Amino acid sequence: MSSLEATIRNNKTKGELSIIRKEGNVPAIVYGGTNQNENVSISKKILKTLIEKDNFYSNIISLNVNGTTQNVLPREVVYHILSDEPIHVDFQRVVPGAKIRIEVPVQFINQEKSPGLKKGGVLNIVRRKIELRCPSEKIPESLIIDLDGVDIGESFKISSIKLDQDVVPTIQGRDFVIATLAAPTVMKEPEKPAAAEGEAGAEAAAEGDKPAEGDKPAEGDKKEEAPAEKK
């Protein structure tokens, strides 16, 4: 679980929000549960470090607001239209027992142990994230797919991932595909034996020494004709 420090903000104008951002902080709001909404600000530098993680939106954060700690989930980040810097964040309080919908990233492990990938196969990822409905205290940080021993032609469906009984995908009624291991689009030709390559090279060299039919001798190879006698 990641942790993040926050301070209460009491700004009332856009100018005050601009000052908060110029000081290297990002305005945020904390909502949910029985407590009132809280307007806070957090460090932009630390926030950007957390955003870089694949499981940012599915990772519970311990938010310390002026000495009081509460568990929250990032729900939305607003970015500046030009600089692409984060300018606002929404955090939802994690209430034990409450069920929420959340997208969880898919993680593939043991690629180096896959016979199919060693043969040049291609891992086609259909879904990089899966939306789940689960209790807030049972949110998986990621869904693991093990590629150990997987060969070309195999596929991974949601049924191949073990989930807790009360953790279910929001897509119901079908066993949807998450990824497949497909054959390479271009097959490698088998290498020729070294001896065969040597013989082919020698034959090519011999053919290159023979003049082609219709070739004229080089200018330097022409015989000089005797000058005509003067009468």
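Refer to the preceding data block for the structure.
In this text the structure is predicted, and so the values were computed from the model without any measurement.

Enquirer: What should I look at first to understand the overall build of the chain in this one?
Expert: Looking only at helices and strands, the chain features four helices and 13 strands. Long-range contacts, defined here as pairs at least 24 residues apart, represent 65% of the contacts in the chain between residues at least 6 apart. Accessible area of the chain: about 16,000 Å², with a carbon and sulfur share of 50%.

Enquirer: When you look at the packing of aromatic side chains in this model, what are you seeing that I'm missing?
Expert: Each aromatic ring pair is summarised here by two numbers: the centre-to-centre distance and the angle between the ring planes. What the rule picks out here adds up to one aromatic pair. Between F56 and Y57, the aromatic rings sit 5.0 Å apart at their centres with planes inclined by 75°, giving edge-to-face as the arrangement. Residue class for F56 comes out buried when judged on its relative accessible area of 4%. Just above the ring of F176 sits the side chain of R127; from NZ or CZ to the centre is 4.8 Å.

Enquirer: Got a minute to help me understand the environment of A28 in this structure?
Expert: Structurally, A28 is set in strand β2 (residues 25-31). Discounting chain neighbours no more than four positions away, the residues touching A28 are R9, E38, N39, V40, S41, H88, V89 and F91.

Enquirer: How should I be thinking about the sheet that holds strand β6 (residues 86-93) in this particular structure?
Expert: Sheets are built from strands that pair by backbone hydrogen bonding, the pairs being arranged parallel or antiparallel. With respect to topology, six strands assemble into a closed barrel ordered β1-β3-β2-β6-β5-β4, the strand pairing being mixed. When strand polarity is set aside, the average angle formed by the axes of neighbouring strands in this sheet is 45°. Across six bridges, β2 lies against strand β3 (residues 38-43) in antiparallel orientation. Opposite A28, over in β3, you have V40 as the bridge partner.

Enquirer: Looking at this model, I keep getting lost on the pattern of salt bridges. Mind explaining?
Expert: For the coordinates displayed, the defined rule picks out six salt bridges. Counted as one network, the salt bridges with shared partners bring together K44, K48 and E85.

Enquirer: Looking at this structure, I do not really get the pairing of strand β7 (residues 99-109). What am I missing?
Expert: On a regular strand, one side chain projects to one face of the sheet and the next to the other, so that they alternate. Relative to strand β9 (residues 129-135), β7 runs antiparallel, the two sharing seven bridges. Paired with K99 across the strands is P135, a residue of β9. Strand direction decides the pairing type here: β7 and strand β10 (residues 143-146), joined by four bridges, are parallel. In the strand pairing of β10, Q107 is matched with I144.

Cut-offs used in this document
- Residues numbered from 1 in each chain as written.
- Predicted model: local features only at pLDDT ≥ 70, side-chain atom pairs only at ≥ 80, totals over all residues.
- Heavy atoms only, no water.
- Helix = DSSP H or I, 4+ residues; strand = E, 2+ residues; numbered from the N terminus.
- Contact = heavy atoms within 4.5 Å.
- Areas by Shrake-Rupley, 256 points an atom, 1.4 Å probe, with all protein chains shown as cover.
- Phe/Tyr/Trp six-rings, centres within 6.5 Å; stacked < 30°, edge-to-face > 60°.
- Buried < 20%, exposed > 50% of the residue type's maximum accessible area, 1.4 Å probe, protein only.
- Lys NZ or Arg CZ within 6 Å of the ring centre and 35° of its normal.
- Pairing = 2+ DSSP bridges.
- Axes fitted to C-alpha atoms, helices over the stretch in contact; angles between N-to-C directions.
- Salt bridge = Lys/Arg side-chain N within 4 Å of Asp/Glu carboxyl O.

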